[in-house]
Every structure is written in C-alpha cells, then in structure tokens.
Amino acid sequence: MSITVLFHLITYAAITTFGLVVAIRFVKIYKMPMHLRWELYPVAHEAGGKASYGGSRLEEVDWWTKPKERSTFNELKVMIPEMTLLVALWEHNRKLWWRSFPFHFGLYILTGLVGLIVLGALMEMVGIEVSANAGLGSLVYYLTILTALGGLSLATIGCLGLLHRRLTDEGLVDYTSMSHIFNLGFFLVVLGIAWLTFLFADRGFEDTRAYVLSLITFDLGAPVGSFLVGLEIFLAVILIAYIPMTHMSHFFIKWFTYHKIRWDDEANEVGSEIEKKVLEQVMYPVTWAAAHVNADGKKNWVDIATEEMEK
Amino acid sequence: MKKASVSDISRDVDQVGHVDLADLPPLPKPYNETESIPKFRPLTDKAKESYVSDLDDTIVLSLPKPKNKGDEGILVRKFLSGLEKLFSKENNWTFLQPLTLSMENCAKCQTCNDACHIYEMSGNNDIYRPTYRSDILRRLYFKYFKPGGKFFSKWRHGDIDLNWRTVVRLAELAYRCNLCRRCAQTCPIGVDNGLIAHDLRKLFSSEMGIYAKELHENGSVLQLKVGSSTGMNPVIVKDNVEFIDEDTSERTGMKIETPWDKKGAEILLIHNAGEIMSWPENHGAFAALFTAAGIDWTMSSEAEEAIGYDNINYGLFYDDMMLAKVAIKHAKAAVNLGVKKVVLGECGHAHKAFTIIADRVLTGELNVRRESAMTLMEDIVFSGKVGLDPSRNDFPVTLHDPCNMVRLMGIVQPQRRILKKIAPKFKEMTPHGVNNYCCGGGSGFAIMSGHNFQDWKMHISGRKKMEQILNVFKDEIDPSIQKYVCAPCSNCKGQIRDMISYYDMWNKAGINYGGLVELIVNCMTDAKPGFIEWEVY
C-alpha cells in the first residue's frame, strides 16, 4: 500500500471515527432512562413573556387547563446567542470569555473554512476553476483565504489565552489535569502547523483543495501536495477523531443538558408516553443496601415505595 | 486562608478546611464591626472525640469514627458498592442521565464557584467550591468505574486516593451545599454540581444508611409513622388547628373554622406542619383568607394510608425512595377525599417535591392536580372577593425568593404582583427572582442545628441572605422602623427566624419576618387591623 493510499485511509477512518463516536455516545445518552423532572428556570421555550423573567405555566391558576404554549422563537433567541457568542460565559465569567470566545468562534470559522474547501473541490469537480482570477471561482478562492486568516487568528489567540489561564490562574491549578494541557497543546500544534502551511506551503489552499477532491472522488493515489500540507491534514483529522472522546464533546452534549434536562418541563399526564415510561421504569429491581430501603434485589420501585415503614 | 486541594480529602490531616471569621466578607451595618457579630463556637472536645470531625469546623452527620482497620475497609467497600449503584439504571433511573452528563462533561472552568453563596461568603474557602466535592466524586467514578480508570482518571482528572477518610469527609461535604442549584444556572455546559451533591447524599443514605437524622429519622421516617415530621398525630393536629381557629377568630373578628376531611371539596390545602407548630398565624391567615373569599376547601387528617396534613418531603434532599413513599401518600390524601386539586401552602421544598419531582413518580389516579398557594392567593387578591386596605401594610417589605419555588419551578410573579398591590413600601432585594440567593437553610439545613452547625449556618450559608436583607433596608436600618422580610416558605422562614435571633436583628435593625398570606390578611378589610404582631421579638 502506498503512503498516499494509507494517508487517505487514515483520513477516512478519522472522519468516520468522529461520526461514530458522536453517534454512539449520543444514542447511549439518549437511551438512558427518562429522569425525574429537574428543570431550571428560565426555561427558554416558555411563551407569553415568561421566558424573559424565568416564569412557568405553574404561575397560572388551574395551569393544567391552559394550553401548553411553547415558543420556538424564544428558544432560538437563547440558543443562537449561546451557541455563537457563549452568552453564559459572558454573563458569568467574563475573564474566561475573552479567551474562550475567540477560541470557539475561531473554530466555528475554521469549520466554515472546511466547508469552503469542500465547496471549492466540488466546483473543480464539475469544471469550475477556483483560483485568483476565475470569476465565481475567485470569490470562493479569496473567501477561503479570508476565512482561514480569521479562523486561525481567533482560534490561536483564544487557545493561547486558555492555556495561559490554565497554567497561571491560582483557582484553576488544582482542577487542571494533564489532559487539559495536552488538549490545548494539541490544538496549538495543529493551529501552529496550519499557520506554517498557510504561510509557506499552500497560501491559496490549492493543495488542500486537491486533496479534498481526491477524498471526494476516492482517488486514493492522488499526491498530498507537500509535507506541511500532509502533516497538517494528518494532525487535524486525528484531532477531529479525538474531540468527541473527551469533555470537548460538549458541542453536542449541551443539547442534552439544555433541552433534555434544564428545559425539560414536560408534565406527566395520565395515559401519556411519559407515564408509560414511568410505569416501565418503576418495575426495575432495587439493590440499595441500606436497611430503611429494605431492598432484596427482587422487589422493584413500586414494591418498595408502597411498603409501609415499620411502626 | 490555607489552600485545600482536592487530594487533601484523603490525607491524614486534622482538618481539610478551616473556618476563620476573619476570612469572611464583612456584613453591612449594623454588623460591620467584629464585636457586633456572635462568635463561632468551636466543636466540643467530646464531639471531636466521638465523631468524625476532620472536614471543617462543624459536624452534621455525627458519624462514629471507625474502630479498626476492618471498619475502615467496610466504609470503603460500601462506598464503592453504592457508587456503582448510583450509576446503574435499576437503582438510579431517576437521575442517571443528568448525573452521568454532569460527571463526564465538566470543563472545570470554575465559572460556577462565583455563583455559590457558601463559597463566596466563606471567603472563597476551597472546600466549599461547588466543584470541590464534584471533582472528588468524578475522580473516584473515573478511577473505579471507567475502562482503564487507574490510568485515565489521573490523566483526565487528577489523582485521588480512596480511604475511609475520603468516604466520611465526602459524606459530610455533601451537607455543605444548600442544593439551590444557582451554580448550575451559570454553567455554560449545563453541568449541575447541586445534583452531584444531591446524589452523593442519596448514595450515602440508600446504600450506607448515612443521613442527617433531622431529615431521616426525625423527618421522613417519623412522618411515615405518625403522619408528620413534627410528631403531631391527627388528634393533636386537629386540636392545634382548633386552637389556631379560635385565636384567629379573636384576632380578626371573623368566624374561622377549618374544615376537616370534607369529601369532594374544591381544594385540599396541605401545609408544612411546621407552620402549625411554629407559625400558627400562617395557617390562621390561610383560614381567614379562604373564609373571606368563600373558597371551598378542606384539610385532611389522614396519617395512615395517606398523609394529609404535612406536605414536607425531605426525601427530596437525600433519598429518592423516601421521596417516593411520601409523595404517594400525599397523593392518596387527595384521592381519598376526591378533591379537585391540592394546594400547597407556603413551603418551597414541598412545592417542588410534590409538583415537579414527584410528577414522574405519580401515575394513574395518583397523578392528582397540584398547585401553588401563590397562584391561588393572587387569584383571590385580584378577584375582588376580599376587601384590601394596603395602607395597613405601610412599612418596608422585601421578598425572599425560595429557590425551590422560584428558580426550580418558575413561580416568580404571582407573589410579586400581590406584594405590589398590598404593600406600598415593597422593594426587591438584589438579585432576586430566578437569580436569588438561597436563605442558607435550604436542603434541610434550616432544621439542622446539632453540635455547632447553627454557627456555620449563621456565619456561612446564611450570610449572603443576611447581606441582601441588610442592604435592601439600608436606608431605613434604624431599629425603630419596623421592617418585614416576606418569606413564603417554612424552611426559609426557619432560617431567617434563626438569623434574626442569632444576630438580634429585631432589636438592632428592626427586622421581622413572616409569610405572604399574613400580609394579605393584615390588610384585609374583613379582618380587624393588626393581624401581624410585631412584638413577637
């Protein structure tokens, strides 16, 4: 097997690993038993002005007789700024925001860069040239470069800031593990090589675009371009595969912590899906060992919860 | 202040953390001088000899010290067994998903620390960080229950030793959090350190039989045995209420008679029975208000198959199984009477336990309709059913937001709309609403005062609320001006009562406290003026 074929296969494997790990973890969490309600206000989808101050339908007399109003607009009003601007951090930890926001926003821009490179590759695949003097193609060409400059700058500044804070903030020392340093270091190496590649090897992203095109067309023998381009792509895809295995997987975990916990205010109604799940889960056998629970591994939650205490 | 690291929890040291009054943030006037603040009583030598006391300067659990290596080993083995069960769906389906997510996804950015009133008002004492106990548990969870844990836990989270000290200190540490979840509100990722403290308490209670006696033996167990954690059986509670009715009739000039066990009533009112024992005017005010408004209501005297006159459910604070037992009996009280709905009196944790948490416990006919007294009172006040003369409440009033009712249920405005209508000098604390601070008595602390825990509560967990109260009244802090802290929650009232007493706030600052319904009745024209008795202090 030639080195280029191996290189292509590693890239496919890394991207697949990313997708698989995210999917497996997502499904595993999704399939966990339904938990008790544990919402935290404000709940973003509350309608009728309640979301603005943290109110709920429980503020209404005979609330169960009122229609459950849910505002997707209110939810998006919270979600989009949170996802893009890290509003919670801005409000509660401004010092960290100045480091974390550029890092995250830089990564978003770099994700956009990948999209532009894929778009350029697809354009070339259908015969539209992407270069400095190619009409529509030049737009993509320059946009790619601008995006790279913006993304790399922000992400690098943010990453350096985060690492600096991890290493110097007294309050963080005890909560900084080897993996924190490794993760940020890994990002810094990938970003650093990206800068070198951009400045000295592939300023117009021609080589990278060609490699992506070869990935799309399964042209496994296509050359990678240059050592720096190859190194950058290799490190970047390994990083991509690694992210969902760490706490950095919060990019999708937040969907659960917000939508499925913090904002999960769905009331249980007789005959509802929620009730069906409850009825299923209260049949689980209990093995807690404390005397007052009086479990034996055979009794289920219903048995124990309805058992009289000794008088 | 000496720094404490996470790994100190298992070290053989006298004490992991230390409370020194000199480290605490100063309080506003008239408590800005050291001499004006009561001393923090040290633990007695006897307590230190008899019980595990090496976490900080106080004790909640009164755990006996292990006598030998065998006892030490048992503690560790039982803890590990409980930890495993905590992450099993069979034993902890109730919170498995949120707990796992909080365990596995914390970025350790420490954003939550500044939101915690205990951490802040302890002078940023390391052991009171919301992240401190969480990270101990996280390291143990990864070390013992994740693949390759011995290596990867250290790599991902840092090292930790598990020995008997770790276990008993962690048990105590679970009771240095009010479970107010203000920290969770600020977490950018959605990690919930309040939940972790809650589930730690559950592990210790459900697996090891380690709990605060005030919550378990004198709380849930007593309630399940006699009908109320106050110890009142049906005869006594009816007797007490009869006395309250007589007293209220005299005070208001109205004919008050609490209806008992009325089948098919519109409303079953369930109080925290502590109101009947400690704040009889609260029940009296409800009875007067409902009588004046012509409400079709009843109380329930059931104490056997159902629990009808004490809405407390301390299981919320430490043990899901105890929570379920009590919630089912509360629901049965409503079913047995065939009422249209249950209205929960002024008790925050009972609101949350019965309305929110038990929502996915109660099925079929047990899923009775449950509502807050706040909304019903708002409905009455704005319906015109009762005449109101707000000038009778012409004194400064502020509102304390019970965490369970506000941040954790979203009942924010009804009580405010009432106060704006009936209390001309009402003003808000800063911050308030869903961003409020806990009174310091949350999660059962209000009923715990063994050893010197009262000093810890008064100096540390209640300090932020104390600061807020003093600040909101700073322009009228003169003790000759009578001021009212409205706290529509028994637990919060207990804590605020104790703070007023501890710091002599009535004599030094003219600060009194009470519920919301008392303020309504105080200005109700059907009643004689002067329902609120300021002379109590």
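Now for a quick tour of the structure. (Residues numbered from 1 in each chain as written. Chains lettered and ligands numbered in written order. Predicted model: local features only at pLDDT ≥ 70, side-chain atom pairs only at ≥ 80, totals over all residues. Heavy atoms only, no water.)

## Brief notes about the overall build of chain B
Right, so step 1: Regarding its fold elements, chain B presents 24 helices and 8 strands.
Right, so step 2: Scaling as 2.2 N^0.38, a compact globule of 537 residues should have a C-alpha radius of gyration of about 24 Å, and chain B matches this with 23 Å.
Right, so step 3: Considered along the principal axes of its C-alpha atoms, chain B spans approximately 70 × 55 × 45 Å.
Right, so step 4: Look at the contacts in chain B between residues 6 or more apart in sequence, and 78% of them connect residues 24 or more apart.
Right, so step 5: Per element, the accessible surface of chain B, about 16,500 Å² overall, is 49% carbon and sulfur.
Right, so step 6: One way to put it: in chain B the 67 positive side-chain charges average out to a point 6 Å from where the 68 negative ones average out. (Helix = DSSP H or I, 4+ residues; strand = E, 2+ residues; numbered from the N terminus. Rg over C-alpha atoms; globule rule 2.2 N^0.38 Å. Contact = heavy atoms within 4.5 Å. Areas by Shrake-Rupley, 256 points an atom, 1.4 Å probe, with all protein chains shown as cover. Lys, Arg positive; Asp, Glu negative; His and termini not counted. Charge placed at Lys NZ, Arg CZ, Asp CG, Glu CD.)

## What about the pattern of salt bridges?
Right, so step 1: Across all of its chains, the model carries 53 salt bridges over all chains by this definition.
Right, so step 2: For D62 of chain A, the salt bridge identified is with K341 of chain B, shortest N-O distance 2.8 Å. On the criterion of chain membership, the pair formed by D62 of chain A in the loop between α2 (50-53) and α3 (72-85) and K341 of chain B in strand β3 (residues 341-344) is interchain, its members lying in two chains.
Right, so step 3: Among the ionic pairs, D401 of chain B bridges to R416 of chain B, the shortest N-O distance being 2.6 Å. Of this pair, D401 of chain B sits in the loop between β5 (397-399) and α19 (414-422) while R416 of chain B sits in helix α19, placing them 15 residues apart in sequence.
Right, so step 4: The buried category is assigned to R416 of chain B, whose relative accessible area is 2%.
Right, so step 5: Connected via shared salt-bridge partners are R37 and E39 of chain A together with D359 and R370 of chain B. (Salt bridge = Lys/Arg side-chain N within 4 Å of Asp/Glu carboxyl O. Buried < 20%, exposed > 50% of the residue type's maximum accessible area, 1.4 Å probe, protein only.)

## Concerning the environment of M466 of chain B
Residue and element names in this part refer to chain B.
Right, so step 1: Among the structural elements, M466 can be located in helix α21 (residues 463-472).
Right, so step 2: For M466 and G440, which are 26 residues apart along the polypeptide, the C-alpha to C-alpha distance reads 9.2 Å.
Right, so step 3: Sequence-distant contacts of M466, that is, excluding residues within four places in its chain, are made with L27, Y31, M499, Y503 and M505.

## Notes on the nonpolar core
Right, so step 1: The biggest cluster of nonpolar side chains holds 220 residues, and the ones touching the most others in it are F79, Y175, F204, L289, M377 and I511 of chain B.
Right, so step 2: Each of domain 1 (3-33 + 86-262) and domain 2 (273-306) of chain A contributes no fewer than three residues to this core.
Right, so step 3: If sequence neighbours within four positions are ignored, F204 of chain B has contacts with F79, V167, L170, A171, G209 and I210 of chain B.
Right, so step 4: W97, C159, L162 and L213 of chain A belong to the second largest nonpolar core, which has 38 residues in total. (Core = buried A, V, L, I, M, F, W, Y, C linked by side-chain atoms within 4.5 Å. Domains from an automatic or database assignment.)

## Comments concerning the sheet that holds β5 of chain B
Right, so step 1: Strand order in the open sheet formed by 4 strands is β6-β5-β7-β8 (chain B), and the pairing between neighbours is parallel. At either end of the open sheet lies a strand with only one pairing partner, and these are β6 (426-427) and β8 (511-514) of chain B. (Pairing = 2+ DSSP bridges.)

## Overview of the packing of helix α2 (residues 69-86) of chain B against helix α6 (residues 130-145) of chain B
All names here are of chain B.
Right, so step 1: Where α2 meets α6, the closest approach of the two axes is 11 Å, and the angle between their N-to-C directions is 90 degrees. Comparing their axes, α6 and α2 come out roughly perpendicular. Across the interface between the two elements, F79, L80, L83 and E84 of α2 pack against L137, L140, Y141, Y144 and F145 of α6.
Right, so step 2: Within the contact of α2 with α6, the residues separate by chemical class into 8 nonpolar, no polar and 1 charged. (Axes fitted to C-alpha atoms, helices over the stretch in contact; angles between N-to-C directions. Parallel < 35°, antiparallel > 145°, perpendicular 65-115°, else oblique. Nonpolar A, V, L, I, M, F, W, Y, C, P; charged D, E, K, R; others polar.)

## Here's the deal with the interface of chain B and chain A
Right, so step 1: Listed per partner, the contact involves 99 residues of chain B and 87 residues of chain A.
Right, so step 2: Here chain B packs against chain A, burying approximately 8,100 Å² in sum over the two surfaces, 60% of which is carbon and sulfur.
Right, so step 3: Joining chain B to chain A, the criterion identifies 7 salt bridges.
Right, so step 4: A salt bridge links E170 of chain A to K3 of chain B; its shortest N-O distance comes to 3.7 Å.
Right, so step 5: Counting the contacts that link chain B with chain A gives 50 residue pairs in polar contact (both at pLDDT 80 or more).
Right, so step 6: Top element by residues in the side of chain B that touches chain A is helix α10 (residues 193-208) of chain B. It accounts for 8 residues.
Right, so step 7: A class-by-class count of the residues in the side of chain B that touches chain A yields 40 nonpolar, 28 polar and 31 charged. (Buried area = accessible area lost by both parts, 1.4 Å probe. Polar contact = N/O pair within 3.5 Å; in protein donor to acceptor, adjacent residues only side chain to side chain.)

## A look at the pairing of strand β1 (residues 267-270) of chain B
Residue and element names in this part refer to chain B.
Right, so step 1: Taking every second residue as pointing to the same face, both faces of β1 are buried, with I267 and L269 on one and L268 and I270 on the other.
Right, so step 2: Two elements, β1 and strand β2 (residues 297-298), share 2 bridges in a ladder whose sense is parallel. The residue bridging I267 from the neighbouring strand is W297, located in β2.
Right, so step 3: Of the strand pairs in this sheet, β1 and β3 are connected by 4 bridges, and their pairing is parallel. Residue pairing for β3: I267 is matched across the bridge by K341.

## Overview of a nonpolar patch on the surface
Residues and elements named next belong to chain A.
Right, so step 1: Taken together, L122, M125, V126, I128, L136 and L139 make up a surface patch of nonpolar side chains, about 550 Å² in accessible area.
Right, so step 2: Elements with a contribution of two residues or more to the nonpolar patch: α5 (94-125) and α6 (136-168).
Right, so step 3: Along the chain, L136 turns up in helix α6.
Right, so step 4: Overall, L136 belongs to the exposed group, its relative accessible area being 53%. (Patch = residues over 30% accessible without salt bridge, like charges linked within 9 Å, V, L, I, M, F, W, Y side chains within 5 Å.)

## What to know about the pairing of β3 of chain B
All names here are of chain B.
Right, so step 1: Covered by surrounding structure in β3 are K341 and V343 together with V342 and L344, the residues of both alternating faces.
Right, so step 2: The pairing of β3 with strand β4 (residues 370-372) spans 3 bridges and is classified as parallel. Bridge pairing in β4 places V343 opposite E371.
Right, so step 3: In this view, the connection linking β3 to its parallel neighbour β4 by way of helix α17 (residues 348-356) has right-handed handedness. (Right-handed = clockwise from strand over helix to strand, strands pointing away.)

## Re a negative patch on the surface
Right, so step 1: A contiguous patch of negative charge, built from D239, E242, E246 and E250 of chain B, is present on the exposed surface.
Right, so step 2: Under the relative-accessibility criterion, E242 of chain B is labelled partly exposed at 45%.

## Description of the sheet that holds β1 of chain B
Adjacent strands of a sheet pair through backbone hydrogen bonds, lying either parallel or antiparallel.
Residues and elements named next belong to chain B.
Right, so step 1: Here 4 strands make up an open sheet; going across it, the order is β2-β1-β3-β4 and the pairing parallel. In this open sheet, the two edge strands, each paired with only one partner strand, are β2 and β4.
Right, so step 2: In the packing of helix α18 (residues 373-383) onto the sheet, the strands contacted are β1, β3 and β4, and the crossing angle to β4 comes to about 65 degrees.

## Some remarks on the environment of A267 of chain A
Right, so step 1: Along the chain, A267 of chain A turns up in the loop between α11 (250-262) and α12 (273-281).
Right, so step 2: Classification of A267 of chain A as buried rests on a relative accessible area of 11%.
Right, so step 3: If we skip the residues at most four places from it in the chain, A267 of chain A touches R37, R57, W63 and I274 of chain A together with D359 of chain B.

## Considering the packing of α2 of chain B against α10 of chain B
Residue and element names in this part refer to chain B.
Right, so step 1: Packing of α2 against α10 brings their axes to within 9 Å, and their N-to-C directions diverge by 120 degrees. Handedness of the crossing formed by α2 with α10: right-handed. Taken together, the residues of α10 that come into contact with α2 (itself represented by L75, K78, F79, S81, G82, L83, K85 and L86) are D199, K202, L203, F204, E207 and M208.
Right, so step 2: Of the residues belonging to the contact of α2 with α10, the class tally is 7 nonpolar, 2 polar and 5 charged. (Left-handed = near helix turned anticlockwise from the far one by under 90°.)

## Points about the state of the cysteines
Residue and element names in this part refer to chain B.
Right, so step 1: Within the structure shown, the criterion is met by 0 disulfides over all chains.
Right, so step 2: Cysteine C187 remains unbridged, with the sulfur of C109 as its closest cysteine sulfur at 6.1 Å.
Right, so step 3: Owing to a relative accessible area of 10%, C187 belongs among the buried residues under this scheme.
Right, so step 4: Of the cysteine sulfurs around C489, a residue in no disulfide, the closest is that of C492, at 3.3 Å.
Right, so step 5: A relative accessible area of 3% means that C489 is categorised as buried. (Disulfide = S-S within 2.5 Å.)

## Some thoughts on the packing of aromatic side chains
Residues and elements named next belong to chain A.
Right, so step 1: Summed over all chains, the structure comprises 45 aromatic pairs over all chains.
Right, so step 2: For the pair W90 and W98, a centre-to-centre distance of 5.9 Å together with 70 degrees between the ring planes defines the contact as edge-to-face.
Right, so step 3: With a relative accessible area of 33%, W90 lands in the partly exposed category.
Right, so step 4: Geometrically, the ring pair formed by F103 and F187 is edge-to-face, given 5.0 Å between the ring centres and 80 degrees between the ring planes. One end of the pair, F103, is in helix α5; the other, F187, is in helix α8 (residues 178-200), and 84 residues separate them in sequence. (Phe/Tyr/Trp six-rings, centres within 6.5 Å; stacked < 30°, edge-to-face > 60°.)

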